[in-house]
Amino acid sequence: YKEVPFGSSLSEIYALVGAPLRYRPLSARVNHRVHELDYRCWNPKDIEFVDYTNSSGYRTYVRSLCFILVKAVNDLYPGIPFTLEHPVSKGFYCAFEDRREISPGEVERIRSKMLQIVAADVPFVSHNIRTVDAIELFRRCGLKYKALLIETVGMAYTAYYEMDGYIDYFYGALVPSSGYIHLFDLIPYEDGVLLQIPKR
């Protein structure tokens, strides 16, 4: 049990308890529910910090990596829908929605952009707004499938993330910033790319 200042964030609490993990945490379970590290505690909580050796922390890493990929593609190819399709060969197959082929040179360009985003250590900023407003926002940004997903969840409020002006919706916590994502690869695969993720 540790007393901390009222309203401390999980990252502040982690420092106050002496940074006990071997690797830095990526998220934390608060009363058995996963939250990002900027989550603030206003009353007593049971907290378990998790790094990428933990399955929950690993999922946080993968979600954050996927966000960096779609952000990089959006920066390079604005207005062209890009989707994360399905797991394959220990990674994720991703492609443009219209199935235009991605050349090896374009794959390297996307990979380089991802590395730039990681090196810049850009923060993931979480927002929590009314679901009706979130649906309108995502439709306005051309993310019609995400808008439909939010609509079908049936929650009064929706949490989404923003990175340097780009927004996206992921079900679950993300790391505090892009600098946490230090290992990945991107290679040509069929008419798209294969996002390779590290083993836990």
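Data block above holds the structure.
Residues numbered from 1 in each chain as written. Predicted model: local features only at pLDDT ≥ 70, side-chain atom pairs only at ≥ 80, totals over all residues. Heavy atoms only, no water.

Colleague: I'd like a description of the nonpolar core, backed by residues and values.
Modeller: Counting 56 residues, the largest nonpolar core has L69, F82, I110, M114 and L195 as the members making the most contacts within it. The biggest single contributor to this core is helix α2 (residues 55-76), with twelve residues. In this structure, M114 is in contact with L65, I68, L69, A72, F184, L186 and L195, ignoring residues within four places of it in sequence. (Core = buried A, V, L, I, M, F, W, Y, C linked by side-chain atoms within 4.5 Å. Buried < 20%, exposed > 50% of the residue type's maximum accessible area, 1.4 Å probe, protein only. Helix = DSSP H or I, 4+ residues; strand = E, 2+ residues; numbered from the N terminus. Contact = heavy atoms within 4.5 Å.)

Colleague: Can you lay out the packing of α2 against helix α3 (residues 104-120) for me, pointing to particular residues and giving the numbers?
Modeller: Contact geometry for α2 and α3: axes closest at 9 Å, N-to-C directions at 115°. Considering only the axes of α2 and α3, their crossing is right-handed. Residues L65, I68, L69, K71, A72, V73, D75 and L76 of α2 pack against R109, I110, K113, M114, I117 and V118 of α3. Along the lines of polarity and charge, the residues of the contact of α2 with α3 split into ten nonpolar, no polar and four charged. (Axes fitted to C-alpha atoms, helices over the stretch in contact; angles between N-to-C directions. Left-handed = near helix turned anticlockwise from the far one by under 90°. Nonpolar A, V, L, I, M, F, W, Y, C, P; charged D, E, K, R; others polar.)

Colleague: Give me the pattern of salt bridges: which residues, what numbers.
Modeller: Going through the model one piece at a time under the given rule, you end up with 14 salt bridges. For E85, the salt bridge is made with R99, and the minimal N-O distance between the two is 3.2 Å. Taken together, the residues span a long stretch of sequence, with E85 in strand β4 (residues 82-88) and R99 in the loop between β5 (91-96) and α3 at a distance of 14 residues. Classification of E85 by relative accessible area gives partly exposed; the value is 32%. Two residues, K146 and D168, come together in a salt bridge whose shortest N-O distance is 2.4 Å. (Salt bridge = Lys/Arg side-chain N within 4 Å of Asp/Glu carboxyl O.)

Colleague: How would you sum up the environment of N43? Please name residues and give values.
Modeller: One can find N43 in the loop between β2 (33-35) and β3 (47-50). Overall, N43 belongs to the partly exposed group, its relative accessible area being 46%. Sequence separation between N43 and I110 is 67 residues; the distance between their C-alpha atoms is 43 Å. Here the side chain of N43 touches K45 through a polar contact of 3.3 Å, side chain to side chain. (Polar contact = N/O pair within 3.5 Å; in protein donor to acceptor, adjacent residues only side chain to side chain.)

Colleague: So what about the side chain of S64? Which residues, and what values?
Modeller: Turning to its location among the elements, S64 is positioned in helix α2. The contact partners of S64, leaving out residues within four places of it in the chain, are F124, L174, V175 and I181.

Colleague: Would you mind going over the environment of P44 in detail, with residue names and values included?
Modeller: Structurally, the position occupied by P44 is in the loop between β2 and β3. Accessibility expressed as a relative area gives 69% for P44, which makes it exposed. Expressed as a C-alpha distance, the spacing of P44 and N31, which sit 13 residues apart in the sequence, is 9.6 Å.

Colleague: Provide a residue-level description of the packing of helix α4 (residues 131-140) against helix α5 (residues 144-153), including the pertinent values.
Modeller: Relative to each other, α4 and α5 sit at 165°, their axes nearing to 8 Å. Taken as axis vectors, α4 and α5 run roughly antiparallel relative to one another. Handedness of the α4/α5 crossing: left-handed. Two secondary-structure elements touch here, α4 through T131, I135, F138 and R139 and α5 through K144, K146, A147, I150 and E151. (Parallel < 35°, antiparallel > 145°, perpendicular 65-115°, else oblique.)

Colleague: Account for a nonpolar patch on the surface, naming residues and giving values.
Modeller: Taken together, the side chains of L149, V153 and M155 present a nonpolar region at the surface, about 270 Å² in accessible area. With a relative accessible area of 39%, L149 lands in the partly exposed category. (Patch = residues over 30% accessible without salt bridge, like charges linked within 9 Å, V, L, I, M, F, W, Y side chains within 5 Å. Areas by Shrake-Rupley, 256 points an atom, 1.4 Å probe, with all protein chains shown as cover.)

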